[in-house]
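Coordinate inspection notes
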Amino acid sequence: MRNGWCGMQPELRQLPVSVAARIAARIRQEASSCRNEAQLRSKVQPVIDKLMRRIAPDLRPVVEEPISGPAGARRVPDVVWGTTILDYKSPAGKGRLATTTGRRCAQDDLERYLDLLVGTDKIEPSRYQAVALDGHSALFVQRSPDGRGWVSEWHAVSASAVQKLYLALWQGVQTRPQLTGERLVWQCGPQQRLFLETMSALCRAFRAAGRPSRAAVLFEEWRKLFSQVSGYQRERLPGTTELARRCGCLSRRGDMAEFVWCLHTYFALLAKLIAAEYVSQAVFGKGLIAEGLVRRSPKGVFLRVESGEVFRRAGIRNFLDGDFFGWYLDSWTPQLEACLKQVLVALNSYRFDAPLAHDVLRRFYQGIVPEELRRSLGEYYTPEWIVDLALREVGWPGSGGLKLLDPCCGSGTFLVRAIEKLRTGPLSGCVPADAARKLVASVKGIDLNPAAVVAARCNYLLAMGPELVRGAGELEIPVYLADSVVLPEAVPGKGLVRYRIEAHGESFDFFVPEWCFSESLLWDFFGGLQEAARQRDWNSDAPRSLRARARGAHEEQQLQDAWRQSMEALRRLEQKRWNKVWCPILANYFSPRAAGAFDVVVGNPSWVRWSLLPEAYRSRMKDVWRQMGLFSKERYVGGIELDVSAVLMYSAIAHWLAPSGTMAYLVPRSLFKTASTSGLRKLAVTGPSGEKPFRIITCWDLTELKPFGGRNEPVLVVIRNGAQTTFPVPWRRVRWKRKP
C-alpha cells in the first residue's frame, strides 16, 4: 500500500468517455447559470467530489487553506487533492479563461500555488499539477520534466478535458506528499469539519465518562500540572471560548480547562499516531494506518498505538510512559470512531518512509491552539537561530562525550538541534546501533507539561531519523514528565523519598528507597509494582531481583517499607478503577532525582510570575526557594513577583550542572534589575553544604529583536559552574543588521 492510496486500484485512472461526456455537459450547464467563481464552485465542486469518491471514497480535499512559504509568502487555493490544485475562475461571459490575458493571469496564480506547495515537500516538482476551471474551459499547469520551466495546456470543457482533469486528480491522490505541519493543519486544523467534529466527540466522550472515573482523575492531575507549568487560572484561558463554541464544547460551569484538556488529547493522539506510523514504516516496512483501514478497524489502530505495542515491538520501551491522553479508549463512541477513522484517512495520504521535518508538531500545535491562549500561558517556541547560538556558546557537541540536559524542554526544540549537531558531527561515522546508543545517553529532557512531553518524544524520534531508529535495537527515549523545581521529597530519618497524588479529596502516597536512585533501579521498582498490580497480588513482597541489590538488612527493610506502602496506594487506586497508568507516570515524577550530572544545560524555561502560580504549588515551592536564598531580603518586596524562570535556572545549576559544566539559559532581562530578584544576583547556589558560586560568562540581550513578540525582553545568559564571576560581565546587545 505504500505507493498508493489505501484501496485504490490502478484501473481507476481511466474515466469512461460516456461518463466524462455527462460530467462535461453538467459543468457547462452549471457555468451558464453562475455569475462568479463562488457560485461556480458551489455548483461544480459537489460534482467533482462525487467523481473523486470513485477513486478514494474516504478521502476529503483540503478546502481554502493557506499555503505558507518563505518570507511570509501565503496563498489560498480553492481545493487541494494530494499534489493537485483545483482553482475556480469566474464563468461570466465566455469565462475568465477565454482570453489570453485571463489565461496568463490564471497561469501566474497556479504557478505561485505550485511553487509554495513544492517548497513544503520532497517530491519531484513535475509531479505537482494545478488546474484552473471557469466552467467553459480548463487550464492545466505543471513543471516541465527538468523542473526548470512550465508546461500549460488549455482545453474547452469536453469529455477529453474532463478525462484529463480526472487523471490529474487521480495522480494527485496517488502521489503521497511529505507530511508537514502546514498540511496537517490543512486537513486536521480548526478550519476543517474533521477538527470540529472530533473535538466535539472527545468533549462528549469525556463528559459521558462521569466523575469519579479514570479519565476524570487523569484530568485533575493534568490540571494540576498544567497550572503549575503555565500559571493557568480559570479566568485566564483567552481565545478558547469562540473555538469551543464552534466545536459545541462550551462548559456550563464557564471553566474552559475541560476544553483545553480535550484539545491536548487531540494533539497528543495525532502526535502518537504519527510516531507509531513513522516507527512502523521505518522498522517494519509497512504502514500501521493502511493496515487498519484495510481491516476496517480504526479502534484497533488506536489500541495498538495507546497500548505501546508498536513501540515495544520496535524496541522502544518508554514512549508512552507517563502519558495522560489515552483515556478516550475507555469512552469510545460511534461518533468518536467515525471521526478518528477520518483522521486515519487524512494521515494515510502522506509519506512516512522518508525523514520528517522536526517542526511538524510545532506548526500543528500552533495551528490548533489559539495564539491568544498560547501567549497568555507563556508558550513561546524558541527560534532555531537562538537555539544554535545557545549551543555554540556551550561548545556543543564538541568532540563527543558531553552530556546535555534541557530541564524545561517543551516540545524538544533544543533537544532536536542538539541531536542533529551530534548526528552530523561526532556520530557521523558510527554504525547506527552505536550512534543511537550514544545519542540517547548524551541528550536528555524534562518537562512538566504532559502534552509537551508527548511532542518532545515524538520529535526526538523524528530527529534520530529512520536509519538510527531501525538500527537502535533496545531504546529508551530520554524525555521525562517531571517537575524541575519541586522534586519528590525525602522523608526525614526513613531513607525514603515520597510523592503524593491528590484526587477528589483523597491522597495517595508513593515511596521509593533513596538507594534505588543511586543504583538506577527506579524503573525496575515501578515496573515490579505495575506487574504485581496487574496480577492483583497486593500482599506481595518486593521482587527478589530488587532485594538482591540491597546492601544489608537496613536497605532491604527500606525497600519492603516503600513497596508495601506504594502497593497499598495502588490497591486503593485500583478499587476506584483509577489505576492502569500511574506506575509509569510515577516513575517519571521520581526520575529527576536519578538524572545525575550534565556537562551542558540549555533551555528556555517558563516565564510565569510567582503570583500566578496555584496556591498549593506556591506553598510547596516556598521552602525550595528559601533554601536557595532566592527571595529578596527586603521586607517590602519579599520576592512576591519573582519569575519562575529564575528558580528553574538555579534549580538546574544546583541539581544537574556538573562542576565546571556550562549553561545557556533564556531568562527575562528583569531578573538583572528588579528589587524582588536581588536574591538572585549573589551569583551562588545555596545548598546544605553552603554557597557554591557560578560565573556568568556573557549575556546576549535579544530584546531589540523581539523573537517572541510582545513586550518580552529575553536575555541568553551563559554560565560556568564552580567559578567566581568577574566584572564587568560582557553584555552583548543583538540588533538587526541593516541591508546595505
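Every value quoted in this text rests on a predicted model; they were computed, and no experiment measured them.

**Describing the overall build of the protein chain**
Regarding its fold elements, the protein chain presents 26 helices and 20 strands. Here the protein chain, with 740 residues, has 58% of them falling under the buried criterion. Partitioning the contacts of the protein chain with sequence separation of at least 6, the portion at a separation of at least 24 is 74%. Surface exposure of the protein chain reaches about 30900 Å², of which carbon and sulfur atoms provide 48%.

**Some points on the packing of helix α11 (residues 298–306) against helix α13 (residues 334–347)**
It is at 9 Å that the axes of α11 and α13 come closest, and there the two elements cross at 75°. It follows from the interaxial angle that α11 and α13 lie roughly perpendicular. Residues Pro 298, Lys 299, Val 301 and Phe 302 of α11 lie in contact with α13, whose contacting residues are Glu 337, Leu 340, Lys 341 and Leu 344. When the residues that make up the contact of α11 with α13 are grouped by side-chain class, the tally is 5 nonpolar, no polar and 3 charged.

**Topic: the sheet that holds strand β1 (residues 62–63)**
Read from one edge to the other, the open sheet built from 6 strands follows the order β1-β4-β5-β6-β7-β8, with strand pairing classed as mixed. The two strands at the open ends of the sheet, each matched to only one other strand, are β1 and β8 (150–156). Of the strand pairs in this sheet, strand β5 (residues 84–88) and strand β6 (residues 129–133) are connected by 5 bridges, and their pairing is parallel. Paired with Tyr 88 across the bridge in β6 is Leu 133. Contacting β1, β4 (79–81), β5 and β6, helix α2 (residues 37–52) crosses the sheet at an angle of about 145° to β5.

**Things to note about helix α4 (residues 159–174)**
Between its first and last C-alpha, α4 extends 22 Å over 16 residues, near the 22 Å set by a 1.5 Å rise per residue. Every buried residue of α4 is listed here: Ala 159, Ala 161, Val 162, Gln 163, Leu 165, Tyr 166, Ala 168, Leu 169, Trp 170, Gly 172 and Val 173.

**Digging into the confidence of the model for the protein chain**
For the protein chain, the mean per-residue pLDDT works out to 85, and 88% of the residues sit at or above 70. The model gives residues 1–10 a pLDDT under 50, and that stretch makes 33 contacts with residues more than four places away or in other chains.

**Let's talk about the side chain of Asp 321**
With respect to the helices, strands and loops of the structure, Asp 321 is situated in the loop between α12 (309–313) and α13. Buried charged residue Asp 321 carries no salt bridge. Nearest counter-charge: Arg 457, at 6.0 Å.

**Overview of the packing of helix α5 (residues 181–188) against helix α14 (residues 360–368)**
Relative orientation of the contacting elements α5 and α14 amounts to 35°, with a least axis distance of 7 Å. For α5 against α14, the interelement crossing comes out right-handed. The residues of α14 that touch α5, namely those facing Gly 181, Glu 182, Leu 184, Val 185 and Cys 188, are Val 360, Arg 363, Phe 364, Gly 367 and Ile 368. Its residues assigned to classes, the contact of α5 with α14 shows 6 nonpolar, 2 polar and 2 charged.

**Re the packing of aromatic side chains**
In this structure the tally under the stated criterion is 26 aromatic pairs. With centroids separated by 5.5 Å and ring planes inclined at 55°, the aromatic side chains of Trp 222 and Trp 261 adopt a geometry described as tilted. Here Trp 261 lies in helix α9 (residues 257–284) and Trp 222 lies in helix α7 (residues 214–230), a separation of 39 residues in the sequence. The residues Trp 222 and Trp 261 share a single accessibility class, namely buried. Aromatic pair Tyr 328 and Trp 332: ring centres 6.4 Å apart, planes at 35°, arrangement tilted. The structure contains a cluster of three or more aromatic residues connected by ring pairs, namely Phe 206, Phe 219, Trp 222, Phe 226, Trp 261, Phe 325 and Trp 327. The ring of Phe 140 carries Lys 164 above its face, with NZ or CZ at 5.2 Å from the centroid. Between the NZ or CZ atom of Lys 403 and the centre of the ring of Phe 598, over which it lies, the distance is 4.8 Å.

**What about helix α1 (residues 17–32)?**
A rise of 1.5 Å per residue sets the reference length of α1, with its 16 residues, at 22 Å; its end C-alpha atoms lie 23 Å apart and thus fit the reference within 8%. Within α1 the residues assigned to the buried category are Ala 20, Ile 23, Ala 24, Ile 27, Glu 30 and Ala 31. What you see down the axis of α1 is that its buried residues fit within an arc of 130°, all on one side. Structural note: α1 exposes Arg 22, Gln 29 and Ser 32 on the side pointing more than 90 degrees away from its buried face. Residues of α1 that are buried sit in contact with α2 and α4.

**What to know about the side chain of Asn 459**
Its location among the elements puts Asn 459 in helix α19 (residues 450–471). From its side chain, Asn 459 meets the backbone oxygen of Ser 411 in a polar contact 2.8 Å long. The contact partners of Asn 459, leaving out residues within four places of it in the chain, are His 358, Leu 361, Ser 411 and Val 416.

**Quick look at the pairing of strand β19 (residues 714–721)**
Counting buried residues in β19 gives 7 out of 8 residues, a clear majority hidden from the surface. Two strands pair when backbone bridges link them, and strand β16 (residues 657–668) and β19 are joined in this way by 7 bridges, in the antiparallel orientation. Paired with Pro 668 across the two strands is Pro 714, which belongs to β19. Relative to β19, strand β18 (residues 690–701) is paired through 7 bridges, and the arrangement is antiparallel. Paired with Cys 699 across the bridge in β19 is Val 717.

**Details of the nonpolar core**
Counting 205 residues, the largest nonpolar core has Trp 261, Phe 324, Trp 327, Tyr 328 and Tyr 460 as the members making the most contacts within it. In terms of residue count, the dominant contributor to this core is α9 (18 residues). Setting aside residues no more than four positions away along its own chain, Tyr 460 makes contact with Leu 415, Ile 419, Leu 439, Val 440, Val 443, Ile 477, Pro 478 and Val 479. Of all hydrophobic cores here, the second largest spans 32 residues; its members include Leu 15, Ala 20, Ala 31 and Leu 165.

**What about the environment of Tyr 589?**
Positionally, Tyr 589 belongs in helix α24 (residues 582–590). When the C-alpha atoms of Tyr 589 and Tyr 499 are compared, they prove to be 7.9 Å apart, with 90 residues separating the residues in sequence. Not counting residues up to four positions away in its chain, the partners in contact with Tyr 589 are Glu 221, Leu 225, Phe 324, Leu 481, Ala 482, Pro 488 and Tyr 499.

**Observations regarding the pattern of salt bridges**
As enumerated under the stated definition, the model contains 37 salt bridges in all. Between Glu 309 and Arg 304 there is a salt bridge, with its nearest N and O atoms 3.5 Å apart. With a shortest N-O distance of 3.7 Å, Glu 556 and Arg 547 are connected by a salt bridge. Taking the relative accessible area as the measure of exposure, Arg 547 reaches 24% and is therefore partly exposed. Among the charged side chains, a network of salt bridges with common partners joins Asp 87, Lys 89, Asp 109 and Arg 112.

**Things to note about the pairing of strand β15 (residues 598–603)**
Burial analysis of β15 places 5 of its 6 residues in the buried class, which makes it a mostly covered element. Taken together, the 2 bridges between strand β9 (residues 404–406) and β15 define a ladder with parallel strand orientation. Note on β15: the bridge partner recorded for Leu 405 is Val 601. Inspection of the sheet shows β15 paired to β16 by 5 bridges, in the parallel sense. For Val 602, the partnering residue across the bridge sits in β16 and is Ala 664.

**Here's the deal with unusual backbone geometry**
In the segment running from Trp 396 into Pro 397, the intervening peptide bond is cis, with an omega of 0°. Following the sequence through the fold, Pro 397 ends up in the loop between α16 (384–393) and β9. Despite not being glycine, Lys 706 shows a phi value in the positive range, around 50°. Along the polypeptide, Lys 706 turns up in the loop between β18 and β19.

Definitions and cut-offs
Residues numbered from 1 in each chain as written. Predicted model: local features only at pLDDT ≥ 70, side-chain atom pairs only at ≥ 80, totals over all residues. Heavy atoms only, no water. Helix = DSSP H or I, 4+ residues; strand = E, 2+ residues; numbered from the N terminus. Buried < 20%, exposed > 50% of the residue type's maximum accessible area, 1.4 Å probe, protein only. Contact = heavy atoms within 4.5 Å. Areas by Shrake-Rupley, 256 points an atom, 1.4 Å probe, with all protein chains shown as cover. Axes fitted to C-alpha atoms, helices over the stretch in contact; angles between N-to-C directions. Parallel < 35°, antiparallel > 145°, perpendicular 65-115°, else oblique. Nonpolar A, V, L, I, M, F, W, Y, C, P; charged D, E, K, R; others polar. Pairing = 2+ DSSP bridges. Expected span 1.5 Å × (residues − 1). pLDDT = per-residue confidence, 0-100. Lys, Arg positive; Asp, Glu negative; His and termini not counted. Salt bridge = Lys/Arg side-chain N within 4 Å of Asp/Glu carboxyl O. Left-handed = near helix turned anticlockwise from the far one by under 90°. Phe/Tyr/Trp six-rings, centres within 6.5 Å; stacked < 30°, edge-to-face > 60°. Lys NZ or Arg CZ within 6 Å of the ring centre and 35° of its normal. Arc of directions from axis to C-beta. Polar contact = N/O pair within 3.5 Å; in protein donor to acceptor, adjacent residues only side chain to side chain. Core = buried A, V, L, I, M, F, W, Y, C linked by side-chain atoms within 4.5 Å.

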